[in-house]
Amino acid sequence: MLDDFLNQFLPSTVGGLVFGSIYALVALGYTMVYGVLRLINFAHSEIFMIGTFTSLVVITAIAPTAPFTGLAMVGVLLLIIVLSAAVSGGAAVLLELVAYRPLRRKGATRLTALISAIGASLFLQELFALVIIPWLTGKPGRNQQSSLRIVDRDTVFTIGNAQVRTDHIIVIVAAVIMMIALDRVVNRTKIGRGIRATAQDPEAAVLMGVSIDNIVRITFLLGGTMAGVAGALYLMEFENTVFNVGFVLGIKAFTAAVLGGIGNLRGALLGGVVLGLIENWGAIFLGSEWKDVIAFTVLVVVLMFRPTGILGESLQKARA
Amino acid sequence: MLLEVKDINVHYGKIAALKGISLQVNEGEIVSLIGANGAGKTTTLKTISGLRPLTSGQVLFNGEDISKLAGHKRVQLGIGQSPEGRGVFPGMTVQENLLMGAYTRKDDLTADLDEVYELFPRLAERKNQFGGTMSGGEQQMIAIGRALMTKPKVLLLDEPSMGLAPMLIAQIFSIIKEINKRGTTVLLVEQNAQQALKLSDRAYVLETGRVVKSAPGLDLLDDPQVRAAYLGGH
């Protein structure tokens, strides 16, 4: 058993970092929206799903005969990342406009908004399964849709017995770049100050001349963009998607956000990576079919001892 | 007249918080609203700054009806507010809090920032400390300084003395006087009626959502009814 663990520890770590990067990118959207509106945006998982399908459509359209290399690969990657980010970001803004803003205007309770979120999540899943996916792909909307390979699985270097491949590096590097960019926006720009002010005290923010509607829209846009990038990376790495691909992944990302301390950007990052690593390490002992059980057990145990999550502070108190 | 409130009614759900309040603030004045808890003082300020919608009536600023204008736009017109409970951003430093006051401004801030630090030397010493870790008095200074950074024509102050030690209260009131001297009109809400009336050109007494009395501050200080109700009855 211990032998197994030692043998598989490094490969699992690499796999855990890849999953963790994707969880973290999606978790950022949950945590930002929560920070600003105190709302769990359950439809965020569908924003991620929309990102995967955007990439699928783009890849299918450019129909590569073989995986790309060199500059062509970078170009195709940038294309799917940028387009998925744009479509998911736009979808998130639209979602807020349709599902949440009218309720906010009327001063609805948070529970009402939560129900609207769950409704929007199911609506988007079914809309894709019944209409959009068949229209985009010509195949039944509830089937797994597989994508062509755009990046070869070449080993770039090895650490012990772990092979670190090109695609692993792409996922991790892209995720890190996006997170640094988001951190900069939130901590160094005027818009970022508006977001933090709204999260910390919305009434005081209005008294400073901050338009809450505007900040909420930008928050959804940023969160959606991150989920779109996550969708592109997911499709590149796993090469398939389905109308409800966001369901379990979204709950895991939400778990990551809570694990790190919801409302805290760096917490979402940490929670994502920790969750990815722990479920992969745990799977060595129990088998990968236990991954989800491991993930949620970790959540329950952490919250028993640290109800505010690992980093504890929320967006109201933390700098980020 | 800089600011005029005309017969406003404000409701929380079905409960009427303000029942036809009217008041005027002229340029250069310090005007106080005094009254017991729940009289509607804070609601009046929040309605002026656009945090609460009104059911009926009008808020005029420089003669322009701003009753329907969104709160964040009123800041740009020149209505600055230090809110009840101070509303300091806890996760921002003193300096970041002050800069939030200049959120909509595009002009040079150095002179105004220097002026705030000169009015509140305590803040200058603690520029990089987080707002949430400051004492109540220091947070009040941040809230007032931050409102000044919006470059207000009228400064709305909601209970600036709340929860402060007597020494600090005297200091805050003398700073309010100084701010007014430098040309900012002040509308002050206070529980501490004695101090507020001494400072004010005029004052309004509010009871359960209505104005029951209005007069120059010093006259109210001598008014037997006001003394009995709000000044400890001597």
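The structure we're discussing is the one just above.
Predicted model, so just to flag it, every value in this text is computed and none were measured.

Turning to the overall build of chain B, a few remarks are in order. Scanning chain B for helices and strands turns up ten helices and ten strands. Taken over C-alpha atoms, the radius of gyration comes to 17 Å for chain B, in line with the 17 Å a tight globule of 234 residues would show. Its C-alpha atoms give chain B principal-axis dimensions of roughly 45 × 40 × 30 Å. Counting only residues that meet the buried cut, chain B has 55% of its 234 residues in that class. Counting only contacts in chain B whose residues sit at least 6 apart along the sequence, the fraction spanning at least 24 positions is 66%. If you sum the accessible surface of chain B, you get close to 9700 Å²; carbon and sulfur atoms cover 51% of it.

Counting from both sides, the interface comprises 23 residues of chain B and, opposite them, 22 residues of chain A. Here chain B packs against chain A, burying approximately 2000 Å² in sum over the two surfaces, 64% of which is carbon and sulfur. For the chain B face of the interface with chain A, the top three residues by lost area are His72, Phe89 and Tyr103 of chain B, together amounting to 31%. Connecting chain B to chain A are six residue pairs in polar contact (both at pLDDT 80 or more).

All names here are of chain B. If you trace the four strands from one edge of the open sheet to the other, you get β2-β1-β4-β5, paired in antiparallel fashion. What marks the edges here is a single partner per strand, and that holds for β2 (15-25) and β5 (64-65). Here strand β1 (residues 3-12) runs beside β2; their pairing, made up of eight bridges, is antiparallel. Bridge pairing in β2 places valine 10 opposite leucine 18.

Once that is clear, we can look at the pairing of strand β9 (residues 202-207) of chain B. All names here are of chain B. Taken together, the five bridges between strand β3 (residues 30-35) and β9 define a ladder with parallel strand orientation. Within the sheet, the bridge partner assigned to serine 32 lies in β9 and is alanine 203. As defined by bridge partners, β9 adjoins strand β10 (residues 210-216) across six bridges and the pair is classed as antiparallel. When the bridges of β10 are listed, glutamate 207 appears paired with arginine 210. The turn joining β9 and β10, which pair antiparallel and follow one another in sequence, is formed by two residues; a positive phi near 35° is taken by threonine 208.

Turning to helix α9 (residues 245-260) of chain A, a few remarks are in order. Residues and elements named next belong to chain A. In a regular helix each residue adds 1.5 Å, so 16 residues correspond to 22 Å; α9 covers 23 Å between its end C-alpha atoms and thus fits that length. Among the 16 residues that make up α9, 13 are buried, leaving the element largely enclosed by the rest of the structure. The positive-phi residue at the C-terminal boundary of α9 is glycine 261, with phi of around 115°.

Before going further, it helps to spend a moment on the layout of surface pockets. Of the pockets and cavities examined, the largest pocket occupies roughly 1400 Å³. What lines the largest pocket is a set of 37 residues, among which Arg104, Arg105, Gly107, Ile212 and Asp213 of chain A lie closest to the centre. When residues of the lining of the largest pocket are traced back to their parent elements, those giving at least two are α1 (2-37), α3 (70-105), α4 (110-137), α6 (190-200), α7 (202-207) and α8 (212-238) of chain A together with β1 and α2 (71-77) of chain B. Top contributing element to the lining of the largest pocket by residue count: α3 of chain A, with five residues. Looking at the lining of the largest pocket residue by residue, the classes come out as 17 nonpolar, ten polar and ten charged. Reported here for the second largest pocket is a volume of approximately 320 Å³. Of all the secondary-structure elements, those providing two or more residues to the lining of the second largest pocket are α1, α8, β4 (240-241), α9 and α11 (291-305) of chain A. Looking at the lining of the second largest pocket element by element, the count peaks at five residues for α9 of chain A.

What follows covers the sheet that holds strand β6 (residues 79-82) of chain B. Residues and elements named next belong to chain B. Judged by pairing direction, the sheet is mixed, and its six strands sit side by side in the order β6-β7-β8-β3-β9-β10 without closing on themselves. On the outer flanks of this sheet lie β6 and β10, each paired with one strand and no other. Averaged over all pairs of adjacent strands, the angle between their axes in this sheet comes to 20°, without regard to strand direction. Bridge analysis of β6 against strand β7 (residues 154-158) gives four bridges, and the strand direction is parallel. When the bridges of β7 are listed, glycine 80 appears paired with leucine 155. Sitting on the sheet, helix α6 (residues 136-148) touches β6 and β7, and the angle it makes with β6 is about 175°. Here helix α7 (residues 166-181) sits on the sheet in contact with β3, β7 and β8 (185-190), set at roughly 155° to β8.

All names here are of chain B. At a minimum axis distance of 11 Å, the contact between α6 and α7 shows a crossing angle of 10°. With respect to each other, α6 and α7 are oriented roughly parallel. Together, Gly137, Gln140, Met141, Ile144 and Leu148 of α6 and Leu168, Gln171, Ile172 and Ile179 of α7 make up the contact between the two elements. Partitioned by chemical class, the residues of the contact of α6 with α7 number six nonpolar, three polar and no charged.

Cut-off values and rules
- Residues numbered from 1 in each chain as written.
- Chains lettered and ligands numbered in written order.
- Predicted model: local features only at pLDDT ≥ 70, side-chain atom pairs only at ≥ 80, totals over all residues.
- Heavy atoms only, no water.
- Helix = DSSP H or I, 4+ residues; strand = E, 2+ residues; numbered from the N terminus.
- Rg over C-alpha atoms; globule rule 2.2 N^0.38 Å.
- Buried < 20%, exposed > 50% of the residue type's maximum accessible area, 1.4 Å probe, protein only.
- Contact = heavy atoms within 4.5 Å.
- Areas by Shrake-Rupley, 256 points an atom, 1.4 Å probe, with all protein chains shown as cover.
- Buried area = accessible area lost by both parts, 1.4 Å probe.
- Polar contact = N/O pair within 3.5 Å; in protein donor to acceptor, adjacent residues only side chain to side chain.
- Pairing = 2+ DSSP bridges.
- Expected span 1.5 Å × (residues − 1).
- 1 Å grid on protein atoms, 1.4 Å probe; cavity = no way out; pocket = protein on both sides within 12 Å on 5 of 7 lines; lining within 4 Å.
- Points joined across faces, edges and corners; volume = space filled by probe spheres on them.
- Nonpolar A, V, L, I, M, F, W, Y, C, P; charged D, E, K, R; others polar.
- Axes fitted to C-alpha atoms, helices over the stretch in contact; angles between N-to-C directions.
- Parallel < 35°, antiparallel > 145°, perpendicular 65-115°, else oblique.

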